[in-house]
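Fold and contact review
Residue-level listing of the chains:
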Amino acid sequence: MDVVVVGAGFAGLTAARELDRRGHDVVVLEGRDRVGGRSHTTTIAGAPIDLGATFVGPTQTEVNKLAADVGCPTVPTYTQGRNLIRWRGRVRAYRSTIPKLSMIELVDVSRIQWRFERLSKHVPLADPWTASVAPKLDAITLDGWLRSVHAGASTRDLMAIMARVTWGCEPDEVSMLHAVRYVKAAGGIGPMLDVKGGAQQDRFPDGTQPIALRVADALGDRVRLGRIVTRVTHGDGGVTAHTDAGAVRARAAVIAIPPQHRSAITFEPGLPDDYRRLAEHWPLGNLSKAYAAYDTPFWRAAGCSGEALSDEGPVFITFDVSPDDGPGVLLGFTDSRTFDPLPPAERRTKALESFAGLFGERAREPIDYVDHCWGAEEFAPGGPTAAVPPGSWTRYGRWLRTPIDGIFWAGTETADAWTGFLDGAVRSGQRAAGEVADFLKS
Ligand SMILES: Cc1cc2nc3c(=O)[nH]c(=O)nc-3n(C[C@H](O)[C@H](O)[C@H](O)COP(=O)(O)OP(=O)(O)OC[C@H]3O[C@@H](n4cnc5c(N)ncnc54)[C@H](O)[C@@H]3O)c2cc1C
């Protein structure tokens, strides 16, 4: 083999596809019994739903191109009608992304957003640790920064919702440097959080995993499932990936898995300490999802878009992801801290209680219900993306994707644009494929 790719998520599959296009022999080893990684499509009441990645936006050009190439069209996210916010015990309606708060609260939200985005001007995407503000920003958490600029309670609660849905963590767990760089890589808070013109603008009616399945189909038996790579040996002009089912020797390897999961692979000879520490200091967050299906999207008849925000858990954000013909489907992002430890029946009750608190009692009677806790996955747990704590970027950031001895690194966490998203994963696969191709040439 020319190249062995570890991980058949969007990053690994893109890297393999690009290398194959360039005429290289490539094999993909995937530990799960399916491709797609953090993209996993299943069904509810017969309609496709995504347990992981769902939405795409207009500036996420690379994943959109890939999806179009393999014949997976998008549909706009349903936005007609009023959005709802349950805040401090009251449900109110609003339009667009910024919820209806008091004038004082809204002014505070704008002030903090402006200050946050101003900071991003000083943080370069490729090497954020070189910024003059980096030591200061990487020494504090997002919460620490919010307190230092005297953000009001509502602003802090809204930022907590942003942290939960974006990184699957609380504001006091994520480095301010990471937060600023991450949002900048998405083009700003608006493009990251908005539906129209933003990252939630569109979705794939058949789900996101079919994109990965089609890429994998084209690669055929070069994608091998159920192959957990436990050891990578390197040197002597080659790299060998070892699994229980045997080893694959190649001239180069692309490790396309989240940095945290690099720790589960033994590298021989051992990589320099900084690589090892990076994996230990780049933890994934935890996010969970609950879906409820109803005979019809009854909230639409009441003038609601199905989009809602809540300061009461476990569901804290909802969307209408109903198919054109078929049941009404509500998607709820749930707070993994209170949701994941519950037994399945209680998770269902709590999620439906949240939906009912927003959309009325009818929400308690779904025809089907599905939830998924990414933190509880047996293999490669966690998601949506890394919740990088203070100190990691400035100490270990430079090793995130620096190749070493024929080993190259991909995965959405290594991207400079739309890191954390499908688009970042695709971009990282393209970048790694280019690096490997140059390496093989030399
Ligand atoms: C709940 C949730 C909601 C999300 N919503 C969105 C969204 O709406 N839009 C969006 O763009 N993004 C979203 N994301 C993020 C998106 O899913 C990820 O950014 C993207 O899928 C990451 O792709 P990847 O290839 O980098 O990594 P992964 O998808 O994690 O792929 C890595 C693969 O490597 C495999 N692997 C790990 N270790 C080994 C090993 N030792 N040996 C062999 N194989 C291994 C894993 O099984 C996995 O298949 C969401 C994620 C979650 C969890």
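Residues numbered from 1 in each chain as written. Predicted model: local features only at pLDDT ≥ 70, side-chain atom pairs only at ≥ 80, totals over all residues. Heavy atoms only, no water.

**Comments concerning the domain arrangement of the chain**
Annotation of the chain at the domain level lists domain 1 (3–37 + 208–284 + 386–441), domain 2 (74–80 + 199–203 + 286–376) and domain 3 (102–193). Centre-to-centre, using C-alpha coordinates, domain 1 lies 33 Å away from domain 2. (Domains from an automatic or database assignment.)

**A few points about the site of the ligand**
Of all residues adjacent to the ligand, which total 35 residues, the nearest are Glu 30, Arg 38, Thr 412, Gly 420 and Leu 422. Contact between the ligand and Gly 420: an oxygen atom at 2.8 Å from a main-chain N or O atom of the residue. In this structure, an oxygen atom belonging to the ligand sits 3.4 Å away from a main-chain N or O atom of Phe 421. Burial of the ligand by the protein chains amounts to 97% of its free accessible area of 1,000 Å². Elements that contribute at least two residues to the shell around the ligand include exactly α1 (10–21) and α16 (422–441). Grouping the amino acids of the shell around the ligand by side-chain chemistry returns 21 nonpolar, 10 polar and 4 charged. (Near = heavy atom within 4 Å. Polar contact = N/O pair within 3.5 Å; in protein donor to acceptor, adjacent residues only side chain to side chain. Areas by Shrake-Rupley, 256 points an atom, 1.4 Å probe, with all protein chains shown as cover. Helix = DSSP H or I, 4+ residues; strand = E, 2+ residues; numbered from the N terminus. Nonpolar A, V, L, I, M, F, W, Y, C, P; charged D, E, K, R; others polar.)

**Regarding the pairing of strand β16 (residues 288–294)**
For β16, a buried count of 7 out of 7 residues is recorded, marking the element as mostly surrounded by other parts of the structure. Every second residue of β16 is oriented toward a common face, with Ser 288, Ala 290, Ala 292 and Tyr 294 on one face and Lys 289, Tyr 291 and Ala 293 on the other, all of them buried. In this structure, β16 lies alongside strand β19 (residues 328–334), joined through 7 bridges in antiparallel fashion. Counted as the bridge partner of Ala 293 is Val 329 from β19. Across 6 bridges, β16 lies against strand β20 (residues 368–373) in antiparallel orientation. By the bridge assignment for β20, Ala 292 is matched with Tyr 369. (Buried < 20%, exposed > 50% of the residue type's maximum accessible area, 1.4 Å probe, protein only. Pairing = 2+ DSSP bridges.)

**Some points on the packing of α1 against helix α9 (residues 209–219)**
Packing of α1 against α9 brings their axes to within 10 Å, and their N-to-C directions diverge by 35°. The element α1 and its partner α9 pack so that their crossing is left-handed. Along its contact with α1, which presents Phe 10, Leu 13, Ala 16, Arg 17 and Asp 20, the element α9 presents Ile 211, Ala 212, Val 215, Ala 216 and Leu 219. Of the residues contributing to the contact of α1 with α9, the split by class is 8 nonpolar, no polar and 2 charged. (Axes fitted to C-alpha atoms, helices over the stretch in contact; angles between N-to-C directions. Left-handed = near helix turned anticlockwise from the far one by under 90°. Contact = heavy atoms within 4.5 Å.)

**Structural notes on unusual backbone geometry**
Put simply, Glu 268 and Pro 269 share a cis peptide bond, and its omega is -10°. Mapped onto the elements of the fold, Pro 269 is located in the loop between β15 (266–268) and α11 (273–280). At the junction of Gly 383 and Pro 384, the peptide bond is cis and its omega measures out at 10° in the coordinates. On the secondary structure map, Pro 384 appears in the loop between β20 and α15 (392–396). The backbone of Trp 418 shows a phi angle near 50°, a positive value even though the residue is not glycine. Its location among the elements puts Trp 418 in the loop between β21 (407–409) and α16.

**Topic: the packing of helix α2 (residues 61–69) against α16**
Two quantities define a packed helix pair, namely the angle between the axes and the distance from one axis to the other. Taken N-terminus to C-terminus, the directions of α2 and α16 make an angle of 85°; their axes are 7 Å apart at the nearest point. Between α2 and α16, the crossing angle belongs to the class labelled roughly perpendicular. Across the interface between the two elements, Thr 61, Glu 62, Val 63 and Leu 66 of α2 pack against Leu 422, Asp 423, Val 426, Arg 427 and Gln 430 of α16. Grouping the constituent residues of the contact of α2 with α16 by class yields 4 nonpolar, 2 polar and 3 charged. (Parallel < 35°, antiparallel > 145°, perpendicular 65-115°, else oblique.)

**So, the sheet that holds strand β8 (residues 90–94)**
One open sheet holds the 7 strands; their spatial order is β8-β7-β17-β18-β19-β16-β20, and the pairing between them is mixed. The two strands at the open ends of the sheet, each matched to only one other strand, are β8 and β20. For this sheet, the mean inter-axis angle between neighbouring strands, taken without regard to orientation, is 20°. Strands in contact with helix α6 (residues 153–167) are β7 (82–87), β17 (304–310), β18 (315–320) and β19; relative to β18, the strand with the most contacts, it is inclined by about 65°.

**Some details on the pattern of salt bridges**
The full count for this structure, using the stated rule, is 30 salt bridges. One salt bridge connects Arg 276 with Asp 273, and the closest N-O pair in it is separated by 3.3 Å. With Arg 276 and Asp 273 both in helix α11 and 3 residues apart, this pair spans about one turn of that helix. Residue class for Asp 273 comes out partly exposed when judged on its relative accessible area of 39%. The partner of Asp 335 in a salt bridge is Arg 337, and the shortest N-O contact between them spans 2.6 Å. Several salt bridges share partner residues, and in doing so they unite Asp 273, Asp 274, Arg 276, Arg 277 and Glu 280 into one network. (Salt bridge = Lys/Arg side-chain N within 4 Å of Asp/Glu carboxyl O.)

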